[in-house]
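Each chain, written out:
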Number of protein chains: 2
Amino acid sequence: MPSLPKILQCQQVAQSKLFRVEQLQLQFSNGEQRTYERLAGGKTAAVIIVPMLDNDTVLLIREYGVGVEGYELGLPKGKVDAGETHMEAANRELKEEVGYGAKDLQLMKCLSQSPNYMQHKTQIVLARNLYPERLEGDEPEPLDVVPAKLSELEQWIARDDLTEARSIAALLLARQYLQDLK
Amino acid sequence: MPSLPKILQCQQVAQSKLFRVEQLQLQFSNGEQRTYERLAGGKTAAVIIVPMLDNDTVLLIREYGVGVEGYELGLPKGKVDAGETHMEAANRELKEEVGYGAKDLQLMKCLSQSPNYMQHKTQIVLARNLYPERLEGDEPEPLDVVPAKLSELEQWIARDDLTEARSIAALLLARQYLQDLK
């Protein structure tokens, strides 16, 4: 593996309320130089939760996504707030979005979304031993909670309204993990 | 499922060479209004390719990602150029990044990255019956091509330098598909 490129320059070139774009000038170890852009966000972490109601039933949510302009099925997720651990954030989001807390929370894998363009990282958290508890979230409307069977996961993933790469990766990894436990 | 929110307003609030941010004012069917931001890019499509050298060997690439500031393993991918089909784009990217063309190309699933914040869609393309052919790409340095066994996929996914959600989802879906063929 070559040694890491040198970051010759890094400057902010655009900013909105949510997004910040950096432009970077890189020199690769072979001398080649390139200019790149990336979405900055190094300090924000996120969690995506796989809430297991029993060994085969996972709780999905249906939520409007303005990116795709439609209602999408996926796993509950959210940002880790300042001062929170990943586990605390996962349990809070679970209570806000699904109406359950979890007695067992377990980190499974850290996901990136686009290593070339985004700094953002998302931790998959497997949540088991659920108990009913609801926290007030900031959703504009109540989210549908949709139970799905891991044993029928292929049919769920084949749907046109279950498309998010992080949800699909997390569901498939959780199913494999739970199968290997048996 | 509630009826779709109304988009009351949509305006561009930031732009760089690569990224464009839109701010949207939405009214949900229950009357609630919210302001959101999203990364626009509705017209750009992308492909991620699962190149199978044989029934168990997939070809990964190792590439520097300035988002994560490190070398990452993942599947070859890229934008669909104007006038290209998804299949043509997949074959071109495969030749540029891996040094192979494919006689059999098959769409597997359309992935979103973040339905709430991004319009971007990526088609998974399974590539089989490979033949050596290289096209010149625009990479600053040659990419390492790393053969990996689907039968050892858990060990690859456990690595700290294989994190991209789209790659992990595509690899797990391709493995399942190829297993079901047997």
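Residues numbered from 1 in each chain as written. Chains lettered and ligands numbered in written order. Predicted model: local features only at pLDDT ≥ 70, side-chain atom pairs only at ≥ 80, totals over all residues. Heavy atoms only, no water.

Per an unreviewed UniProt entry, chain A goes by the name Transcription termination factor Rho and belongs to Saccharophagus degradans. In UniProt, chain A has this text filed under Cofactor (unreviewed entry): "Mg(2+)". (UniProt positions renumbered as here; feature names shortened; annotations may be inferred.)

Asks: Got a minute to help me understand the relation of the copies chain B and chain A in this structure?
Replies: One copy of the chain maps onto the other through a rotation about an axis followed by a shift along the same axis. Superposition of chain B onto chain A requires a rotation of 180° combined with a translation of 0.0 Å along the rotation axis, giving an RMSD of 0.0 Å. This pairing of chains is accounted for by a two-fold axis. For chain B, the residue whose C-alpha comes nearest the rotation axis is Ala169 of chain B, separated from it by 2.2 Å. Mapped onto chain A, 100% of the interface residues of chain B are again interface residues, and the two copies thus contact each other with one and the same surface. (Least-squares fit on C-alpha atoms with pLDDT ≥ 70 in both. Contact = heavy atoms within 4.5 Å.)

Asks: Where do I start with helix α1 (residues 86-97) of chain A in this structure?
Replies: For an α-helix the count is 3.6 residues per turn, leaving residues at separations of three or four pointing the same way. Residues and elements named next belong to chain A. Counted at 1.5 Å a residue, the expected span for α1 with its 12 residues is 16 Å, and the 16 Å between its end C-alpha atoms agrees. With respect to burial, α1 is a largely interior element, nine of its 12 residues being buried. Restricting attention to buried positions, one finds in α1 the residues Ala89, Ala90, Asn91, Arg92, Glu93, Leu94, Lys95, Glu96 and Glu97. Looking at the buried side of α1, the elements it contacts are β4 (45-51), β5 (57-65), β7 (77-79), β8 (100-112), β9 (121-132) and β10 (144-149). Positive backbone phi, approximately 85°, marks Gly99, located one or two places after α1. (Helix = DSSP H or I, 4+ residues; strand = E, 2+ residues; numbered from the N terminus. Expected span 1.5 Å × (residues − 1). Buried < 20%, exposed > 50% of the residue type's maximum accessible area, 1.4 Å probe, protein only.)

Asks: Would you mind showing me how to read the interface of chain B and chain A here?
Replies: A common way to express how large an interface is: the accessible area buried when the components associate. Contacts between the two partners involve 70 residues from chain B and, on the opposite side, 70 residues from chain A. Of the roughly 5900 Å² buried where chain B meets chain A, counting both sides, 62% is carbon and sulfur surface. Counting the surface chain B buries against chain A, the share from its top three residues, Val66, Pro115 and Pro140 of chain B, is 11%. Between Arg38 of chain A and Glu69 of chain B there is a salt bridge; the shortest N-O distance is 2.8 Å. Summed over the shared surface of chain B and chain A, the number is 34 residue pairs in polar contact (both at pLDDT 80 or more). Top element by residues in the side of chain B that touches chain A is helix α3 (residues 165-181) of chain B. It accounts for eight residues. Among the residues making up the side of chain B that touches chain A, the classes are represented as 33 nonpolar, 15 polar and 22 charged. (Buried area = accessible area lost by both parts, 1.4 Å probe. Salt bridge = Lys/Arg side-chain N within 4 Å of Asp/Glu carboxyl O. Polar contact = N/O pair within 3.5 Å; in protein donor to acceptor, adjacent residues only side chain to side chain. Nonpolar A, V, L, I, M, F, W, Y, C, P; charged D, E, K, R; others polar.)

Asks: Any chance you could explain unusual backbone geometry here in plain terms?
Replies: Among all residues except glycine, the phi angle is most often negative; among peptide bonds, the trans geometry is most common. Phi angles above zero are rare outside glycine, and Glu69 of chain A is one such case at about 55°. With respect to the secondary-structure elements, Glu69 of chain A resides in the loop between β5 and β6 (70-74).

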